[in-house]
Amino acid sequence: SAAEGKNSALSESSKPIVDMEDFVEGMTLKQEERSENVDEGAFRILVVDDEPVNIQVLTNLLLMRNYSVSKAYNGKEALDLIERGEEFDLVLLDVMMPKMSGYEVCRHLRERYSLFDLPIVMLTAKNRVQDIVLGFQSGANDYVQKPFDKEELFARVKTLLELKNAMTAAMAANKAKSFFLANMSHEIRTPLNAVIGLTSLLAHTHMDDKQRDYTEKMHRAAVALLSIINDILDFSKIDAGGMKLEHVSFDIRRTLEDMSMFFKERNTDSDISLVIDLDPAIPMEIVGDPLRLQQIFINLVDNAYKFTEKGSVTVRVAVAERVSNEVILNFAVEDTGIGMSAKQIENIFSAFNQADNSYTRKYGGTGIGLAITRQMVELMGGKINVSSEVGKGTVFSFSCKFQIGGEISAPEELEPDESVEDADKNTVLHGLRVLLVEDNEINAMIAEELLNAVGIEVTTAENGKEALDILAETVNDGETSFDLVLMDLQMPVMDGYEATKVIRNTPEYDAIPVYALTAHAFPEERARCLELGMKDHLTKPIDANVFYGALREIAESKRRLRYSA
């Protein structure tokens, strides 16, 4: 009631904020005596109270410890200070104030993401349990009742500031760790791109059997090293809480088709067949993270191949439930391999552990692939399960819910005499004009060789500025003659980000797609590239099948435009 509120307000203001003997002592201390008491540093504290006397008392007590103090005489004034960009390390907040209570101020502050770690101490005479509970529910970190002991208050303030500093340091460390991982990913992938790319090119030259055997083994070793590096980087990223999922529309059939390309060589060289069993009721398009889903399948299928000598590895996707615009899909990867006992299954998803140590010696691996897979499945809202029997194989299964996207229309058909179904898929690339922007000589040579091998005309630039100069020279009738720009990201003079911004802001280049071709493999980098207006993000080391597949999309799109015209 209004009467209760008035009595509460009177009770709030009538209680002394601190023992008056302490207050008088604080007011009479000389400056040099205050400095001797101080070890807190220059933290900035905002004091919010509608009683000028209370603010003066708190200000003097805080100045005793050399805190920097700002004052606000009501909630709105406090919020205005923060809205103007004032930054504080802690807020001492009265509860009962006119127009806006301390509870309301606290809730407003907590609604701002940038202030989630700002310590707030409610300092009030309201001492009922429900008042204290409401204070914490509003977002306060601490609740101190008037009259308070100044040493207790200082101890609470100091503890909260130390916790805030620790949290800030931890966040900075995580940010530095992510930055380090991104740079390490780039630095490691760049030489690996050279090794994998050059051995791939070497395999297509004339060699005797011994040389070919050595080359193939080098290539497989480099690919295995890349897989290990990817596992370690991904595990560190997840462990730091830095892995974010995308929400884009995609066709799961295409995702699994791309995944199967990773195991093309194994299918040829082993007695194992890869089978993909898809429920025809699966929607043409769902919304989720296709790259992470593909990685889950790659990890599970790779694991299945590792422990299977002959037989098959089967990937199954089926509709479990479809309601309105959502669908639940059941996923399973089955193999006919060595299987596991119940005891071995217990630790199968633990980081850096395999079923037992003998498996590591016999089959290799880091022991974190399945740990990463489990964490990715959980990020997608699912839970992974495993069933197995020694000597009879293993089944990994999980379910996830997806939104249903707009149905993907069937691709336009070419004229019968223009069909490429029975011809080499890459003949469609003949005559495509590509501007390759790459500062690393070996990487440029590898990409150029791959492009020339399928009849693509290549012009090379060593940095973004040189690329822009070349584009400008080729503009004719308001558009450039290039069909595609393959853009590295880290380059001297002008990097790929800046060059892409210029391209996307130049009308003459509207029709030319830009593909990132980079050793930066993190999803955050991919998202950044797409935000800048790039059409796709291709990673190094270059996978020839993925690389040519992306280029075919450009070529076939141009063909459809030509024939529709």
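The structure reproduced in this document is the subject of the present report. Note that the structure is predicted; figures quoted are calculated from it, not measured.

Quick word on the overall build of the chain
A tally of helices and strands in the chain yields 20 helices and 19 strands. Counting across all 565 residues of the chain, residues that qualify as buried make up 46%. Counting only carbon and sulfur atoms, one obtains 51% of the accessible surface of the chain, whose full area is about 29000 Å².

Some words on the sheet that holds strand S4 (residues 120-124)
A sheet is described by the order of its strands in space; here 5 strands give the open sequence S2-S1-S3-S4-S5, paired in parallel fashion. For this open sheet the edge positions go to strand S2 (68-72) and strand S5 (142-145), each flanked by a neighbour on one side alone. Geometrically, the sheet is characterised by an average inter-axis angle of 20 degrees between neighbouring strands, direction not taken into account. In this structure, strand S3 (residues 90-93) lies alongside S4, joined through 3 bridges in parallel fashion.

Some remarks on the pattern of salt bridges
One pass over the full model with this rule turns up 21 salt bridges. One salt bridge connects lysine 217 with aspartate 213, and the closest N-O pair in it is separated by 3.1 Å. Of this pair, lysine 217 and aspartate 213 both sit in helix H9 (residues 209-239), 4 residues apart, roughly one helical turn. Among the ionic pairs, lysine 540 bridges to glutamate 438, the shortest N-O distance being 2.5 Å. One end of the pair, lysine 540, is in the loop between strand S19 (536-539) and helix H20 (544-564); the other, glutamate 438, is in the loop between strand S13 (433-437) and helix H16 (441-453), with 102 residues separating them in the sequence. Judged by relative accessible area, glutamate 438 falls into the buried class, the value being 5%.

Topic: the nonpolar core
With 40 residues, the main nonpolar core has Ile252, Leu293, Phe297, Val301, Leu329, Phe331 and Phe398 as its most contacted residues. Only helix H10 (252-261), strand S7 (271-278), helix H12 (290-306), strand S9 (310-323), strand S10 (326-335), helix H15 (369-379) and strand S12 (393-404) provide two or more residues apiece to this core. In terms of residue count, the dominant contributor to this core is H12 (8 residues). If we skip the residues at most four places from it in the chain, isoleucine 252 touches Ile282, Ile286, Leu293, Val317, Leu329 and Phe331. Counting residues in each nonpolar core, the second largest holds 25 residues, with Ile446, Ala447, Leu451 and Val454 among its members.

With respect to the environment of glutamate 309
Counting through the fold element by element, glutamate 309 comes out in the loop between H12 and S9. Using a relative accessible area of 64% as the deciding quantity, one classes glutamate 309 as exposed. Residues glutamate 309 and threonine 336, 27 residues apart in the sequence, show an inter-C-alpha distance of 8.3 Å. Sequence-distant contacts of glutamate 309, that is, excluding residues within four places in its chain, are made with Asp271 and Ile272.

Digging into the sheet that holds strand S14 (residues 457-461)
Spatially, S14-S13-S17-S18-S19 is the arrangement adopted by the 5 strands of the open sheet, whose pairing is parallel. A strand with exactly one partner marks an edge of an open sheet, and here the two such strands are S14 and S19. This sheet shows a mean twist of 25 degrees between the axes of neighbouring strands, independent of strand direction. Packed onto the sheet, helix H18 (residues 496-504) meets strand S17 (484-487) and strand S18 (514-518) and runs at close to 160 degrees relative to S17.

Topic: the pairing of strand S11 (residues 385-389)
Examined bridge by bridge, S11 and S12 share 5 bridges and lie antiparallel to one another. Pairing of valine 386 across the sheet is with phenylalanine 396, part of S12. What sits between the antiparallel neighbours S11 and S12 is a turn of 3 residues, in which glycine 391 has the positive phi angle 85 degrees.

Some thoughts on H12
Relative to the 24 Å expected for 17 residues at 1.5 Å per residue, H12 spans 24 Å between its end C-alpha atoms, a close match to the ideal helical length. Most of H12 sits out of view: 14 of its 17 residues are buried. Regarding H12, its N-cap is aspartate 289, as a side-chain oxygen of that residue lies 3.1 Å from the backbone nitrogen of arginine 292 further along.

Brief notes about a negative patch on the surface
A surface patch of negative charge is lined by Asp439, Glu441, Glu462 and Glu466. You can see glutamate 441 is positioned in helix H16. Exposure remark for glutamate 441: the relative accessible area of 70% places this residue in the exposed category.

As for a nonpolar patch on the surface
Together, Phe116, Met167 and Met171 make up an exposed nonpolar region whose accessible area comes to about 270 Å². Tracing the backbone through its elements, the reader meets methionine 167 in helix H8 (residues 150-202).

Quick look at the packing of H10 against H12
One way to put it is that H10 packs onto H12 with a least axis distance of 10 Å and a crossing angle of 45 degrees. One way to sum up the angle between H10 and H12 is to call them oblique. The chirality of how H10 crosses H12 is right-handed. Residues Ile252, Thr255, Leu256, Asp258 and Met259 of H10 pack against Pro290, Leu293, Gln294, Phe297, Ile298 and Val301 of H12. Considering only residue class, the contact of H10 with H12 consists of 8 nonpolar, 2 polar and 1 charged.

Details of the packing of aromatic side chains
The relative placement of two aromatic rings is captured by the distance of their centres and the angle of their planes. The tally for this structure, following the rule as stated, stands at 6 aromatic pairs. Look at phenylalanine 263 and tyrosine 305: their rings are 5.3 Å apart centre to centre, the planes differ by 5 degrees, and that puts the pair in the stacked class. Of the two residues, phenylalanine 263 sits in the loop between H10 and helix H11 (264-269) while tyrosine 305 sits in helix H12, which places them 42 residues apart along the sequence. Each of the two residues, phenylalanine 263 as well as tyrosine 305, counts as buried. Their ring planes at 65 degrees and their centres at 5.6 Å tell us that phenylalanine 297 and phenylalanine 331 sit as a pair that is edge-to-face. You can see phenylalanine 297 sitting in helix H12 and its partner phenylalanine 331 sitting in strand S10, a full 34 residues away along the chain. Three or more aromatic residues link up through ring pairs in this structure, and these residues are Phe297, Phe331, Phe398 and Phe402. We note arginine 528 situated over the ring of tyrosine 497; from NZ or CZ to the ring centre the distance is 3.6 Å.

Some points on unusual backbone geometry
Here lysine 146 and proline 147 are connected by a cis peptide whose omega angle stands at -10 degrees. With respect to the helices and strands, the residue proline 147 is situated in the loop between S5 and H8. Lysine 540 connects to proline 541 through a cis peptide bond whose omega is -5 degrees. Mapped onto the elements of the fold, proline 541 is located in the loop between S19 and H20. Here the phi dihedral of asparagine 66 falls at roughly 65 degrees; this positive angle occurs in a residue that is not glycine. Inspection of the secondary structure puts asparagine 66 in the loop between helix H4 (52-63) and S2. The partly exposed category is assigned to asparagine 66, whose relative accessible area is 37%. The residue lysine 99 is not glycine, and still its phi comes out positive at about 75 degrees. Along the polypeptide, lysine 99 turns up in the loop between S3 and helix H6 (102-110).

The rules we used
Residues numbered from 1 in each chain as written. Predicted model: local features only at pLDDT ≥ 70, side-chain atom pairs only at ≥ 80, totals over all residues. Heavy atoms only, no water. Helix = DSSP H or I, 4+ residues; strand = E, 2+ residues; numbered from the N terminus. Buried < 20%, exposed > 50% of the residue type's maximum accessible area, 1.4 Å probe, protein only. Areas by Shrake-Rupley, 256 points an atom, 1.4 Å probe, with all protein chains shown as cover. Pairing = 2+ DSSP bridges. Axes fitted to C-alpha atoms, helices over the stretch in contact; angles between N-to-C directions. Salt bridge = Lys/Arg side-chain N within 4 Å of Asp/Glu carboxyl O. Core = buried A, V, L, I, M, F, W, Y, C linked by side-chain atoms within 4.5 Å. Contact = heavy atoms within 4.5 Å. Expected span 1.5 Å × (residues − 1). Polar contact = N/O pair within 3.5 Å; in protein donor to acceptor, adjacent residues only side chain to side chain. Patch = residues over 30% accessible without salt bridge, like charges linked within 9 Å, V, L, I, M, F, W, Y side chains within 5 Å. Lys, Arg positive; Asp, Glu negative; His and termini not counted. Charge placed at Lys NZ, Arg CZ, Asp CG, Glu CD. Parallel < 35°, antiparallel > 145°, perpendicular 65-115°, else oblique. Left-handed = near helix turned anticlockwise from the far one by under 90°. Nonpolar A, V, L, I, M, F, W, Y, C, P; charged D, E, K, R; others polar. Phe/Tyr/Trp six-rings, centres within 6.5 Å; stacked < 30°, edge-to-face > 60°. Lys NZ or Arg CZ within 6 Å of the ring centre and 35° of its normal.

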